[in-house]
Amino acid sequence: MARIAGRSGRLYANLTSGGTAEPITFLNNWSLAFTTGKIDVTAFGDTNMVYVSGLPDAQGTFAGFYDNATVQLYTAAVDGVARKFYLYPDNATTSQYWFGTALFDFNVDGSVDGPVAISGSFAAASVASKVG
């Protein structure tokens, strides 16, 4: 496997409840974090903190530019329905991606000297798995 540039990444999600996943337009940034909860089991006499593994978690973020021709992830954020997502680190390599369902948040920001921008986050509503 080779190193790749982030410019070909693509986030797909169901824009409407029950729809099919489609690319989220005009994004220029994404992240996906996999973490595991740590449960403190430190006891008297331990010489440092001691933890055991809790449940795994998957959360992500996205950012880009507002598109007034689509809902982007607005509808997904306001109806509270978990949506399928596919995150491709390289859209040209369709055999490798992350998949799951997630709950989305959506932010929109504008300024007099810049574009109207969007950003948001998502949290796993099911197991998020790497394919390929």
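Check the entry above for the structure.
Residues numbered from 1 in each chain as written. Predicted model: local features only at pLDDT ≥ 70, side-chain atom pairs only at ≥ 80, totals over all residues. Heavy atoms only, no water.

A. Highlighting unusual backbone geometry. A positive phi angle, near 60°, is found at F26, a position not held by glycine. Tracing the backbone through its elements, the reader meets F26 in the loop between β2 (21–23) and β3 (27–40). (Helix = DSSP H or I, 4+ residues; strand = E, 2+ residues; numbered from the N terminus.)

B. Looking closely at the nonpolar core. With 18 residues, the main nonpolar core has L11, F62, L73, F85, F104 and F122 as its most contacted residues. Sorting the residues of this core by element identifies β1 (10–14), β4 (51–65), β5 (83–88), β6 (97–104) and β8 (117–124) as the ones contributing at least two each. Element by element, the count of residues in this core is highest for β6, at 3 residues. Sequence-distant contacts of L73, defined by excluding residues within four places in its chain, comprise L11, A13, L15, I24, F62, F104 and F106. (Core = buried A, V, L, I, M, F, W, Y, C linked by side-chain atoms within 4.5 Å. Buried < 20%, exposed > 50% of the residue type's maximum accessible area, 1.4 Å probe, protein only. Contact = heavy atoms within 4.5 Å.)

C. Focus on the layout of surface pockets. Estimates place the volume of the largest pocket at around 220 Å³. Lining of the largest pocket is provided by G6, R7, G9, R10, L11, I24, T25, F26, L27, N28, N29 and W30. Of all the secondary structure elements, the ones that give two or more residues to the lining of the largest pocket are β1 and β3. Residue composition of the lining of the largest pocket, by class: 5 nonpolar, 5 polar and 2 charged. (1 Å grid on protein atoms, 1.4 Å probe; cavity = no way out; pocket = protein on both sides within 12 Å on 5 of 7 lines; lining within 4 Å. Points joined across faces, edges and corners; volume = space filled by probe spheres on them. Nonpolar A, V, L, I, M, F, W, Y, C, P; charged D, E, K, R; others polar.)

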